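# Survey of secondary and tertiary structure
Here is how the chains run, residue by residue.
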Amino acid sequence: CTWVQNNKDTWQKWIPDETTCLPGQGLVNAQGEVVFDRALASTCAWCAVGNYSVELAGDTTYVCISCDPGYAQKNLGQTACEGCEAGTYADVP
(Lines give C-alpha, C1' and ligand atoms only; values in the text may rest on other atoms or scores of the structure.)
Protein backbone atom coordinates (compact mmCIF):
# COMPACT_ATOMS: atom_id res chain seq x y z
CA CYS A 1 0.00 0.00 0.00
CA THR A 2 2.84 2.39 0.77
CA TRP A 3 4.34 1.90 -2.69
CA VAL A 4 0.96 2.64 -4.31
CA GLN A 5 0.54 5.81 -2.28
CA ASN A 6 4.09 7.00 -3.00
CA ASN A 7 4.12 6.17 -6.73
CA LYS A 8 0.79 7.43 -8.05
CA ASP A 9 2.44 9.04 -11.11
CA THR A 10 3.88 5.65 -12.09
CA TRP A 11 0.86 3.39 -11.71
CA GLN A 12 -1.67 5.84 -13.14
CA LYS A 13 0.10 5.50 -16.51
CA TRP A 14 -0.81 1.78 -16.48
CA ILE A 15 -4.55 2.48 -16.44
CA PRO A 16 -5.99 2.75 -19.97
CA ASP A 17 -7.50 6.13 -20.85
CA GLU A 18 -10.84 5.79 -22.68
CA THR A 19 -10.06 9.01 -24.59
CA THR A 20 -6.74 7.91 -26.07
CA CYS A 21 -7.99 7.25 -29.59
CA LEU A 22 -6.14 5.29 -32.25
CA PRO A 23 -5.60 6.50 -35.82
CA GLY A 24 -8.95 6.05 -37.60
CA GLN A 25 -10.86 6.90 -34.44
CA GLY A 26 -11.96 10.17 -32.88
CA LEU A 27 -13.29 11.57 -29.62
CA VAL A 28 -17.03 11.31 -28.87
CA ASN A 29 -19.17 12.33 -25.92
CA ALA A 30 -21.55 10.11 -23.94
CA GLN A 31 -24.24 10.61 -26.63
CA GLY A 32 -21.87 9.42 -29.37
CA GLU A 33 -21.47 12.91 -30.85
CA VAL A 34 -18.09 13.93 -32.27
CA VAL A 35 -16.22 16.39 -30.03
CA PHE A 36 -12.91 18.20 -30.50
CA ASP A 37 -11.94 18.63 -26.86
CA ARG A 38 -10.74 15.76 -24.71
CA ALA A 39 -12.44 17.29 -21.65
CA LEU A 40 -15.84 16.85 -23.39
CA ALA A 41 -15.16 13.27 -24.51
CA SER A 42 -16.12 10.05 -22.81
CA THR A 43 -14.62 7.55 -25.27
CA CYS A 44 -13.43 6.97 -28.85
CA ALA A 45 -15.34 5.78 -31.93
CA TRP A 46 -14.35 4.89 -35.49
CA CYS A 47 -14.64 7.86 -37.84
CA ALA A 48 -17.80 7.74 -39.94
CA VAL A 49 -17.97 7.57 -43.73
CA GLY A 50 -17.12 11.02 -45.17
CA ASN A 51 -14.72 11.76 -42.31
CA TYR A 52 -11.12 10.98 -41.44
CA SER A 53 -8.98 10.92 -38.33
CA VAL A 54 -6.29 13.48 -37.46
CA GLU A 55 -4.13 13.82 -34.38
CA LEU A 56 -5.38 16.47 -31.98
CA ALA A 57 -2.78 19.24 -31.83
CA GLY A 58 -0.74 19.12 -28.65
CA ASP A 59 -2.32 15.85 -27.48
CA THR A 60 -1.90 12.09 -27.87
CA THR A 61 -5.35 11.37 -29.24
CA TYR A 62 -7.31 11.75 -32.48
CA VAL A 63 -10.45 13.53 -33.69
CA CYS A 64 -12.67 12.91 -36.73
CA ILE A 65 -13.11 15.71 -39.26
CA SER A 66 -15.09 15.96 -42.49
CA CYS A 67 -13.40 15.53 -45.84
CA ASP A 68 -12.68 18.76 -47.70
CA PRO A 69 -14.70 19.66 -50.81
CA GLY A 70 -13.53 17.56 -53.75
CA TYR A 71 -12.52 14.69 -51.48
CA ALA A 72 -14.46 11.71 -50.14
CA GLN A 73 -14.09 8.71 -47.88
CA LYS A 74 -16.44 5.77 -48.27
CA ASN A 75 -14.97 3.58 -45.51
CA LEU A 76 -15.10 3.73 -41.70
CA GLY A 77 -12.03 4.46 -39.62
CA GLN A 78 -9.78 6.10 -42.20
CA THR A 79 -6.88 8.53 -41.78
CA ALA A 80 -7.20 10.32 -45.12
CA CYS A 81 -9.75 11.23 -47.77
CA GLU A 82 -9.42 10.44 -51.45
CA GLY A 83 -9.88 12.88 -54.30
CA CYS A 84 -13.16 12.56 -56.20
CA GLU A 85 -12.78 11.09 -59.67
CA ALA A 86 -13.24 13.44 -62.63
CA GLY A 87 -16.94 14.02 -63.30
CA THR A 88 -18.05 12.88 -59.84
CA TYR A 89 -18.82 14.59 -56.55
CA ALA A 90 -19.35 13.64 -52.93
CA ASP A 91 -22.74 14.27 -51.37
CA VAL A 92 -22.64 16.18 -48.11
CA PRO A 93 -23.93 13.87 -45.35
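Residues numbered from 1 in each chain as written. Predicted model: local features only at pLDDT ≥ 70, side-chain atom pairs only at ≥ 80, totals over all residues. Heavy atoms only, no water.

For the rest of this paragraph, the subject is the pairing of strand β3 (residues 51-55). Strand direction decides the pairing type here: β3 and strand β4 (residues 62-66), joined by five bridges, are antiparallel. Directly across from Glu55, in β4, lies its bridge partner Tyr62. Connecting β3 to the antiparallel partner β4 that follows it, the hairpin turn spans six residues, and Gly58 within it adopts a positive phi of roughly 75 degrees. (Pairing = 2+ DSSP bridges. Helix = DSSP H or I, 4+ residues; strand = E, 2+ residues; numbered from the N terminus.)

On the surface, Leu22, Trp46, Val49 and Leu76 cluster together to form a nonpolar patch covering roughly 440 Å² of accessible area. With respect to the helices, strands and loops of the structure, Leu76 is situated in the loop between β5 (71-72) and β6 (82-83). On the basis of relative accessible area, Leu76 is assigned to the exposed category, the value being 57%. (Patch = residues over 30% accessible without salt bridge, like charges linked within 9 Å, V, L, I, M, F, W, Y side chains within 5 Å. Areas by Shrake-Rupley, 256 points an atom, 1.4 Å probe, with all protein chains shown as cover. Salt bridge = Lys/Arg side-chain N within 4 Å of Asp/Glu carboxyl O. Buried < 20%, exposed > 50% of the residue type's maximum accessible area, 1.4 Å probe, protein only.)

Under the criterion given, the structure shown has two salt bridges. For Arg38, the salt bridge goes to Asp17, with nearest N and O atoms at 3.5 Å. Pair noted here: Arg38 is in the loop between β1 (25-28) and β2 (43-46) and Asp17 is in the loop between α2 (8-12) and β1, with a separation of 21 residues, a long-range link. One salt bridge connects Arg38 with Asp59, and the closest N-O pair in it is separated by 2.5 Å.

Moving on, we get to the environment of Cys44. Mapping Cys44 onto the fold places it in strand β2. Between the C-alpha atom of Cys44 and that of Glu55, which follows or precedes it by 11 residues, the distance is 13 Å. Sequence-distant contacts of Cys44, defined by excluding residues within four places in its chain, comprise Glu18, Thr19, Thr20, Cys21, Gln25, Gly26 and Val28. (Contact = heavy atoms within 4.5 Å.)

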